[in-house]
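# Residue-level structural notes
In case you want the letters, here they are:
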Amino acid sequence: MSRNKLLLQKGRFNMKRRDVLTLIGALVAAGPIGCKPACGEEMSGYPTGTDSNKRSPLKSIEHGGFRKALMDDEDVRTLKAVFDRLIPEDQFGPSASKVGCLDFLDAQLTGGYGEASTLYREGPEQPHEEQMLQKAQFIATPRERYRAGLQALRAYTLETDSASFADLPPSRQDEILAGMEQGTIKLGTALDARAFFELMLTNVREGYFADPYYGGNKDMAGWKMIGFPGARYDYRAYTDRTGQKLNLVPVSLVPKN
Amino acid sequence: MTTRRTNPKVDAVIVGFGWAGSLMAAELSRANMNVVAIDRGPWRDTFPDTPLTADPDELRWKTRRELLAPPHDTTLTMRNTLDQTAVPQRDFGISELGGGVGGQGFQWAGMAWRFNPWDFRVRSETIQRYGMARAEDGELQLQDWGITYAELEPDYDRWEQIAGVAGQAGNLRGKLTSRGNPFEGPRSREYPTPKLKTLRMMEIFNKATSEMGLHPFTIPCANVSQAYVNPLGVTMAPCTYCGFCSSYGCGNYSKASPQTCVFPALLNNNPNFRLITNACVTRVNKAADGKSVTGVTYIDQNGSEVLQPADIICLTAFQMENVRLMLLSGISKPYDPLTSEGVVGRNFSFQTVSGADLWFEEDHINPFIGAGGLGSQIDDYNSDNFDHSSLDFIGGAGILTLSRDGTPIANANKLPPGTPRWGSGFKRAYSNYYQNYGVLFNQGTSMPIKRGYLDLDPTYKDPFGLPLLRLTYDYARNDRAMATFTMNRAIQIGKRMGASQISAFNFAEKPFTTAIGASNHTIGGAVMGADPTSSAVNSHLQSWDCHNVFVVGASAFPNNGGYNPTGTVGALALRAARAICGNYARKPGALQKG
């Protein structure tokens, strides 16, 4: 059995933080944004090299199931159900999971974003931080927040509905999500249910509307829904056609085969 | 700090290699000085960082903010009042420090303003026109800049020539035209490149405001409208209206930045110029006499402490970092908010923002066609362009609309109030309103207050173990009144524009916070002036107390105008460089009597 498979199996039950870090370390070569690149420090004259640098974004995402950060099957099932209520399949376009929002999130949580590499996480944590800043503040990483949030949501529906969130009817799922959004539902004492809802909503929208390069927005479905032409770089031919419908076909950063 | 070494002495060291630093490095190098620039971030350039194949990427640049220095490395703490305990800003907020060379100037939008002549003399003008009681209401701490707009005009002009700014003059040597901004200060010549195109949202705004008897004009912006060669010999290409501009690099070499406009000339032509990257200056070292400095200390990428001796030290980091370095180095007296004595940390100001979100029906705004600095504005309610006699405030705001970008992730939050934020209701609304959203943004003046200041936080530290900067600030009563007044003007304009739904906003109606991005224009803390008891630097940006230290940036603004600061930062950098090359180099010492 491969090392990764072993870890995945382990993760299903009782994933330890150390294991997650080992796995992440093994899989991710690029460092977080905040780290110092190893390039030379002193320059005289204008650089003539054209090599790509080490801050290139993560490699194109693989679709379809292999999870590097979201490794608990029940968590993934809950998350898929949540995402598909936040952005359901309808006449305006496909659902979040259909366009790869779970692949997107898994890749994001695997990288620097999931590790909160840009955040200032030093203590002491003040009880009035959120009140002073008028915005939720976190020392926990997004990966930790997903783990805790999904566990709490699971415990909540088992308690109230004797079922997993994913197995509830859509109307009941919407009711629970609306309760989280409005802060009328508590998911335990330690977890800010409202903030966790906002995290999921933010990430599912990112997956739906970011370039397909990052694993979501498959076939540029999100962009087609609103009429955004994507990674185009020259609109000079259209600047005088103000107020007109332009019917531009979107393009993405993913190279065509 | 494992080892400690000393670099060879140079004529001048530049701390922070953004707009101010690179402009000063270029001017000092041109005058044959031996210059070293030090930046805490890595080398960064259009290629390989933001070529056409990487730049149009909202998630990476605008959402995850990869061109900024992460709060992990550098942040601040904040509180509203002196009796509170400040808390750290943990995520990105209003304080946007550039993450590499070029600083903020690599990822800025490009609005390339001059301040209004009134902005430099708010105290004198207010006393003269409205009386002492208006200038001294017990809370405000107004003070003049020690220079006039006319004195700075040649430097504004050179900055615009270097950046290739696209625009149309409204006041050419005192002659007003209706095609530009009739409220601007007199210009010695036209903009270097013509104004950009008028896009859909600007059309709607221009029509409505003209009908209301107001004076719309195209915002001057450093997104050049045609091929251009600047005075340093660097070539720029015409803007293609790609809409990946504010928070992004520019794959087209169309947006002015230190990279596009200064680096090639500076680095190619000056063998005596050196750039040290990934090196964080932690201290300016004072001489034994206390009246000058001997150089700076930095920590290199290996964690070694290095001394860089120099005859002249230019602090050209971001506004916040300039102030922090002054405090960490013990240069000049820290400000005391109880007595209003001391100069370092004094007169922090922000940008007082209100406005209105607008939604239209059945239009095709095509928001994805745009440029970072592109929009229309009226200055009828900015500065002192309207009579404040019967009002209870001074100052005002530029009321502008944008044709900037059509970011699908960010715009998902721009839906009419009451719209579902998820589910099919969200998808229906966004499908419709993506093409029908616009904004009126009131970029307001910000007046300094006695109790608003910067000092070192007693608790929180950066990764080098140095104290974070602590900001104590809340909006002045004056500014709250101004923001409400201009918000109401925006609502009137929005109605005239034919918006079906209008949602007004006013950041100043709540306490100030660094966490919510009303603007990223933080200013003050090492302000310029004619009086050494109320300013840290003189009108040449020279420290009153250490004559070989120049502190250049928005840290020098004693109050904020209703405009973006970069043009004034560029002009002040060129003015400081002019003083160094022209007078200081010949006869080192105080350039001005206090």
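### Focus: the overall build of chain B
- Broken down by element type, chain B carries 13 helices and 24 strands.
- With the principal axes as the frame, chain B shows a C-alpha extent of 70 × 55 × 50 Å.
- Buried residues in chain B amount to 70% of all 594 residues.
- Of all intrachain contacts in chain B linking residues separated by at least 6 positions in sequence, the fraction that spans at least 24 positions is 76%.
- Taken as a whole, chain B presents about 18,000 Å² of accessible surface, with 50% of it coming from carbon and sulfur.
- Here chain B contributes 55 positively and 53 negatively charged side chains, and the mean placements of these two sets differ by 1 Å.

### Topic: the overall build of chain A
- Looking only at helices and strands, one finds 9 helices and 1 strand in chain A.
- N-terminal to C-terminal, the α/β element order of chain A is α-α-β-α-α-α-α-α-α-α.
- For chain A, with 257 residues in total, the buried portion stands at 47%.
- The long-range share in chain A, meaning contacts at least 24 apart out of those at least 6 apart in sequence, stands at 61%.

### Re the sheet that holds strand β22 (residues 501–506) of chain B
All names here are of chain B.
- Taking strand neighbours across the sheet as the criterion, the 6 strands line up as β8-β17-β18-β19-β16-β22 in an open arrangement whose pairing is antiparallel. Two strands in the sheet have a free side with no partner beyond their single neighbour: β8 (217–218) and β22.
- Examined bridge by bridge, strand β16 (residues 352–359) and β22 share 6 bridges and lie antiparallel to one another. Bridge pairing in β22 links L358 to I502.
- Relative to β16, helix α12 (residues 477–496) is tilted by about 20°, and along the sheet it contacts β16, β17 (375–378), β18 (397–402), β19 (437–444) and β22.

### Here we look at the packing of aromatic side chains
- On inspection of all chains with the given rule, the structure shows 45 aromatic pairs over all chains.
- Here a set of aromatic residues connected by ring pairs shows up, and it is made of Y208(A), F209(A), W223(A), F228(A), F244(B), Y248(B), F426(B), Y430(B) and Y434(B).
- Over the face of the ring belonging to Y113(A) we find R64(B), whose NZ or CZ atom lies 3.7 Å from the ring centre.
- For the cation-ring pair, R187(B) lies above Y191(B), with the distance from its terminal atom to the ring centre recorded as 3.6 Å.

### Some details on the packing of helix α7 (residues 170–182) of chain A against helix α8 (residues 193–209) of chain A
Residues and elements named next belong to chain A.
- At their nearest, the axes of α7 and α8 sit 7 Å apart, and the two run at 110° to each other. Between α7 and α8, the interaxial angle falls into the category roughly perpendicular. Crossing geometry of α7 relative to α8 is assigned as left-handed. Across the interface between the two elements, L177, M180, E181 and Q182 from α7 touch A193, R194, F196, F197 and M200 from α8.
- Broken down by class, the residue content of the contact of α7 with α8 amounts to 6 nonpolar, 1 polar and 2 charged.

### What to know about the interface of chain B and chain A
- Listed per partner, the contact involves 95 residues of chain B and 89 residues of chain A.
- Across the chain B to chain A interface the summed buried area is about 7,800 Å²; carbon plus sulfur atoms make up 57%.
- Per-residue buried area on chain B facing chain A is highest for R90(B), W422(B) and K427(B); these three make up 13% of the total on that side.
- Counting every contact that joins chain B to chain A gives 7 salt bridges.
- The closest approach of N and O atoms between E181(A) and R421(B), which form a salt bridge, is 3.0 Å.
- A per-element tally of the side of chain B that touches chain A places helix α11 (residues 423–433) of chain B first, with 7 residues.
- When its residues are assigned to classes, the side of chain B that touches chain A shows 44 nonpolar, 27 polar and 24 charged.

### A closer look at the side chain of D380(B)
All names here are of chain B.
- If you trace the backbone, D380 turns up in the loop between β17 and β18.
- No salt bridge is formed by the buried D380; the nearest opposite charge belongs to R489, separated by 11 Å.
- In terms of polar contacts, D380 uses its side chain to reach the side chain of H215, at 2.7 Å.

### Some words on the environment of N322(B)
Residue and element names in this part refer to chain B.
- The topology assignment puts N322 in helix α9 (residues 319–329).
- In this structure N322 comes out as buried when scored by relative accessible area, which is 0%.
- Taking C-alpha positions, N322 is 8.4 Å from G525, a pair spaced 203 residues apart along the chain.
- Residues contacting N322, with those up to four places away along its chain left out, are L315, T316, A317, V551, V552, G553 and S555.

### A word on the state of the cysteines
Residues and elements named next belong to chain B.
- If you walk through the whole model with that rule in mind, you get 0 disulfides over all chains.
- Here C221 stays free of any disulfide, with the sulfur of C239 as its closest cysteine sulfur at 7.3 Å.
- C221 gets classed as buried once you look at its relative accessible area, which sits at 1%.

### Some remarks on the pattern of salt bridges
- The tally for this structure, following the rule as stated, stands at 48 salt bridges over all chains.
- Its salt-bridge partner being D75(A), residue R147(A) comes within 2.7 Å of it at the nearest N-O pair. Here R147(A) is found in helix α6 (residues 142–161), whereas its partner D75(A) is found in helix α3 (residues 73–86), with 72 residues between them in sequence.
- The shortest N-O distance in the salt bridge between E27(B) and R30(B) comes to 3.4 Å. In this pair, E27(B) and R30(B) are both assigned in helix α1 (residues 19–30), 3 residues apart and thus about one turn of the helix distant.
- In this structure E27(B) comes out as buried when scored by relative accessible area, which is 11%.
- A residue is classified by how much of its surface remains accessible, and R30(B), at 53% relative accessible area, is exposed.
- Salt bridges linked by common partners bring D72(A), D75(A), R147(A) and R154(A) together as one network.

### Considering the confidence of the model for chain A
- For chain A, the average pLDDT comes to 83, and 77% of its residues sit at 70 or higher.
- For the stretch residues 1–40 of chain A, pLDDT sits under 50, and the model shows 49 contacts to residues farther than four places along the chain or on other chains.

### Describing the sheet that holds strand β5 (residues 87–88) of chain B
Residues and elements named next belong to chain B.
- The sheet built from 4 strands is open, its strands ordered β5-β4-β21-β20 with mixed pairing. Of all strands in the sheet, those with a lone pairing partner are β5 and β20 (453–461), marking the two edges.
- For strand β4 (residues 76–79) and β5, the ladder comprises 2 bridges, and the chain directions are antiparallel. Counted as the bridge partner of M78 is V87 from β5.
- Together, β4, β20 and β21 (467–472) form the strand contacts of α9, whose direction differs from that of β20 by roughly 75°.

### Here's the deal with the nonpolar core
- The biggest cluster of nonpolar side chains holds 218 residues, and the ones touching the most others in it are F83(A), Y146(A) and M180(A).
- The residues touching Y146(A), leaving out its near neighbours within four places in the chain, are L79(A), F83(A), L105(A), L109(A), F196(A), L199(A), M200(A) and N203(A).
- In terms of nonpolar packing, the next biggest core, distinct from the first, is built from 23 residues, F386(B), F393(B), A481(B) and A490(B) among them.

### Some thoughts on α7(A)
Residues and elements named next belong to chain A.
- Along its 13 residues, α7 runs 18 Å from first to last C-alpha, staying within 8% of the 18 Å computed at 1.5 Å per residue.
- Taken residue by residue, α7 has R172, Q173, I176, L177, G179, M180 and E181 as its buried positions.
- Tucked inside the fold, the buried residues of α7 contact α3, α6 and α8.
- Immediately downstream of α7, the backbone of G183 shows phi near 80°, a positive value.

### Some remarks on the environment of G524(B)
Residue and element names in this part refer to chain B.
- Mapped onto the secondary structure, G524 falls in strand β23 (residues 523–525).
- Residues G524 and V323 lie 201 residues apart in sequence; the distance between their C-alpha atoms is 8.5 Å.
- Not counting residues up to four positions away in its chain, the partners in contact with G524 are Q319, V323, R346, N347, F348, L454, A554, S555 and F557.

### Thoughts on the packing of helix α4 (residues 101–110) of chain A against α6(A)
Residue and element names in this part refer to chain A.
- At their nearest, the axes of α4 and α6 sit 9 Å apart, and the two run at 125° to each other. With respect to their mutual orientation, α4 and α6 come out oblique. Contacts between α4 and α6 pair L105, L109 and T110 from the former with P142, R143 and Y146 from the latter.
- Its residues placed into classes, the contact of α4 with α6 shows 4 nonpolar, 1 polar and 1 charged.

Reading guide: rules and limits
- Residues numbered from 1 in each chain as written.
- Chains lettered and ligands numbered in written order.
- Predicted model: local features only at pLDDT ≥ 70, side-chain atom pairs only at ≥ 80, totals over all residues.
- Heavy atoms only, no water.
- Helix = DSSP H or I, 4+ residues; strand = E, 2+ residues; numbered from the N terminus.
- Buried < 20%, exposed > 50% of the residue type's maximum accessible area, 1.4 Å probe, protein only.
- Contact = heavy atoms within 4.5 Å.
- Areas by Shrake-Rupley, 256 points an atom, 1.4 Å probe, with all protein chains shown as cover.
- Lys, Arg positive; Asp, Glu negative; His and termini not counted.
- Charge placed at Lys NZ, Arg CZ, Asp CG, Glu CD.
- Pairing = 2+ DSSP bridges.
- Axes fitted to C-alpha atoms, helices over the stretch in contact; angles between N-to-C directions.
- Phe/Tyr/Trp six-rings, centres within 6.5 Å; stacked < 30°, edge-to-face > 60°.
- Lys NZ or Arg CZ within 6 Å of the ring centre and 35° of its normal.
- Parallel < 35°, antiparallel > 145°, perpendicular 65-115°, else oblique.
- Left-handed = near helix turned anticlockwise from the far one by under 90°.
- Nonpolar A, V, L, I, M, F, W, Y, C, P; charged D, E, K, R; others polar.
- Buried area = accessible area lost by both parts, 1.4 Å probe.
- Salt bridge = Lys/Arg side-chain N within 4 Å of Asp/Glu carboxyl O.
- Polar contact = N/O pair within 3.5 Å; in protein donor to acceptor, adjacent residues only side chain to side chain.
- Disulfide = S-S within 2.5 Å.
- pLDDT = per-residue confidence, 0-100.
- Core = buried A, V, L, I, M, F, W, Y, C linked by side-chain atoms within 4.5 Å.
- Expected span 1.5 Å × (residues − 1).

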